[in-house]
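Understanding the architecture of this molecule
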Amino acid sequence: MKKFWKIGLSAFLAIGLLAACNTKEATNDKPSSAEQQETSKVDQATFPMTITDASGKEITLEAPPEKIVSLIPSNTEILFSLGLNDEIVGVTENDDYPPEASKKEKVGGMDYNIEQIIALSPDIVLAHASGMSYSKGAIEQLEAAGVKVFVVADAKNFNETYTTIEQLGRATGKLEEAKKVVATMKAKVAEVETKLEGVKPKKVFVESTDEPEIYTAGKGTFMNEMLEMIHAGNVAADTNDWYQIDAEQIIAKNPDVIVVTYNYVPNILTKIPQRPGFETITAVKNKAIVQVDENTTSRQGPRLADGFEELAKAIYPEAFK
């Protein structure tokens, strides 16, 4: 995720740069009026504006939307973090954060109530690329009714999440608020990474569903990226995306830590060690089976940095004492 640029300069160029720096100091490091104007153009969210969504479709907004419908919890959390409580008129049944989201009108769960959404007369509906397989038909119906639908990208890492937050901030006239949210997230991530400097890497298995159909995070998933950021080896990274894995494979991979990301099974942390053959796994022997919040560690929104910290603490508790 990090990019390192190496720039070699000749002595001649170094002298030129030094002279330029001296000139800058003479003007108290103030940018020129042309530079200020260019920065203003980039940083300000001006309307009308045309934005391109994850499907490649262009949408023109004449003014900041006053009525917004969100079709996925991550979008809803972003909108609330930008201070758009009053503008949000509809959310799904799955939107449970912040608490204020429960007071908003519900427009469906996995299936959307198209008539209800249209009746709300939203200026924009925020869909999500991760749900395109089941919502494409709904999007087509909404657009046929003249409703503007913006498909938010399915972020695969923190940088893409930051981009999404700033993109929604720009589209809603809340760009400065979005930048503050992103800055806070970056600071939290940097703090966690600093605490993990020099830790001994651990082999980790992430479990998102219980047996008999156990699913895990493979390569190319957001969870895998977070594990890499905290110097943890994902034992399931030999396969792409989220996939079903057999208990025998888990035993053979012998993780140091087992991370459970669901809470729909009571006492799951005591049940996993009782699975046949699991007594040989290092994580079971060392009682290193931990549970993290599914929402904060998976939703591509403002709380993701908190989820990142929770994941790091679960795997490396010794680094946070």
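Read on for a plain summary of the structure. A quick note: this is a predicted structure, and the numbers were derived from the prediction, not measured.

**Some details on the sheet that holds strand β8 (residues 203-207)**
- Spatially, 4 strands are ordered β10-β8-β12-β13 in an open sheet, and the strand pairing comes out parallel. Of all the strands in the sheet, the pair left with one neighbour each is β10 (233-234) and β13 (289-291).
- The pairing of β8 with strand β12 (residues 257-260) spans 4 bridges and is parallel. Directly across from Phe205, in β12, lies its bridge partner Ile258.
- Most of the contacts of helix α12 (residues 304-315) go to β12, to which it runs at about 145°, and overall it touches β8, β12 and β13.

**Considerations on the sheet that holds strand β4 (residues 88-91)**
- Reading across the sheet, the 5 strands line up as β5-β4-β3-β6-β7 and stay open at both edges, with parallel pairing between neighbours. Two strands lie at the open edges of the sheet, namely β5 (105-106) and β7 (149-152), each paired on one side alone.
- As judged from the 4 bridges shared by strand β6 (residues 124-128) and β7, these two strands associate in the parallel manner. Bridging across to β7, Ala127 finds its partner in Val151.
- Contacts from helix α3 (residues 73-81) reach β3 (68-70), β4, β6 and β7 within the one sheet, and its direction differs from that of β6 by about 130°.

**What about α3?**
- In terms of burial, α3 is a largely internal element, 8 of the 9 residues being buried.
- Looking at α3, one finds that the buried residues are Pro73, Ser74, Asn75, Thr76, Glu77, Ile78, Leu79 and Phe80.
- Buried residues along α3 sit against β3, β4, β6, β7 and α6 (158-171).

**As for the nonpolar core**
- Counting 72 residues, the largest nonpolar core has Phe158, Leu227, Ile230, Val259, Leu311 and Ile315 as the members making the most contacts within it.
- Sequence-distant contacts of Ile230, that is, excluding residues within four places in its chain, are made with Leu196, Phe308, Leu311, Ala312, Ile315 and Tyr316.
- Among the nonpolar cores identified, the runner-up in size contains 15 residues, and Tyr112, Ala127, Leu142 and Val147 belong to it.

**Details of α12**
- Between its first and last C-alpha, α12 extends 17 Å over 12 residues, near the 16 Å set by a 1.5 Å rise per residue.
- Judged by how many residues are buried, α12 sits mostly within the fold: 9 of 12 residues are covered.
- Residues Leu304, Ala305, Gly307, Phe308, Glu309, Leu311, Ala312, Ala314 and Ile315 constitute the buried set of α12.

**Remarks on the packing of helix α7 (residues 175-195) against α12**
- α12 packs onto α7 with a crossing angle of 10° between their chain directions and a minimal axis gap of 8 Å. Judged by the angle between their axes, α7 and α12 are roughly parallel. Contacts from Met185, Lys188, Val189, Val192 and Glu193 in α7 reach Leu304, Ala305, Asp306, Phe308, Glu309 and Ala312 in α12.
- Taken together, the residues of the contact of α7 with α12 break down into 7 nonpolar, no polar and 4 charged.

**Looking at the side chain of Ser208**
- One can find Ser208 in the loop between β8 and β9 (214-217).
- Overall, the relative accessible area of 15% leaves Ser208 in the buried class.
- In this structure Ser208 touches Tyr215, Thr216, Trp242, Thr261, Tyr262 and Tyr264, once residues within four positions along its chain are discounted.

**Some words on the pattern of salt bridges**
- This structure, assessed with the given rule, holds 14 salt bridges.
- Here Lys57 makes a salt bridge to Asp53, at a shortest N to O gap of 3.5 Å.
- The class of Lys57 is partly exposed, set by a relative accessible area of 23%.
- Measuring nitrogen to oxygen at the nearest pair gives 2.8 Å for the salt bridge that ties Glu207 to Arg275. Taken together, the positions of Glu207 in strand β8 and Arg275 in the loop between α10 (268-271) and α11 (282-285) put the pair 68 residues apart, joining distant regions of the chain.
- When its relative accessible area of 0% is taken as the criterion, Glu207 is described as buried.

Parameters at a glance
Counting restarts for each chain, with residues numbered from 1 along the sequence as it is written. Reporting in this predicted model follows two pLDDT cut-offs: at least 70 for local features of residues, and 80 or more for side-chain atom pairs to be given and counted; totals over whole chains, interfaces and linings ignore these cut-offs and use all residues. Excluding hydrogens and water, the side-chain figures rest on all heavy atoms present in the structure. Paired strands, as defined in this entry, are two strands with at least two bridges between them according to DSSP. Numbering of helices and strands starts at the N terminus; helices are DSSP runs of H or I of at least 4 residues and strands are runs of E of at least 2. Here, two residues are considered to be in contact whenever any of their heavy atoms come within 4.5 Å of each other. The axes are straight lines fitted to the C-alpha atoms, using for helices just the contacting stretch, and the angles between their N-to-C directions are given from 0 to 180°. Using a 1.4 Å probe on the protein chains alone, a residue whose accessible area is under 20% of its type maximum counts as buried, one over 50% counts as exposed, and one in between counts as partly exposed. Working definition of a nonpolar core: buried Ala, Val, Leu, Ile, Met, Phe, Trp, Tyr and Cys residues. They are joined through side-chain atoms within 4.5 Å. By definition here, a helix of n residues has an expected span of 1.5 Å times n minus one. Our angle categories are set so that under 35 degrees counts as roughly parallel, over 145 as roughly antiparallel, 65 to 115 as roughly perpendicular, and the remainder as oblique. By the convention adopted, Pro, Cys, Tyr, Trp, Phe, Met, Ile, Leu, Val and Ala count as nonpolar, Lys, Arg, Asp and Glu as charged, and the other residues, Gly among them, as polar. One side-chain nitrogen of Lys or Arg within 4 Å of one carboxyl oxygen of Asp or Glu is enough to make a salt bridge.

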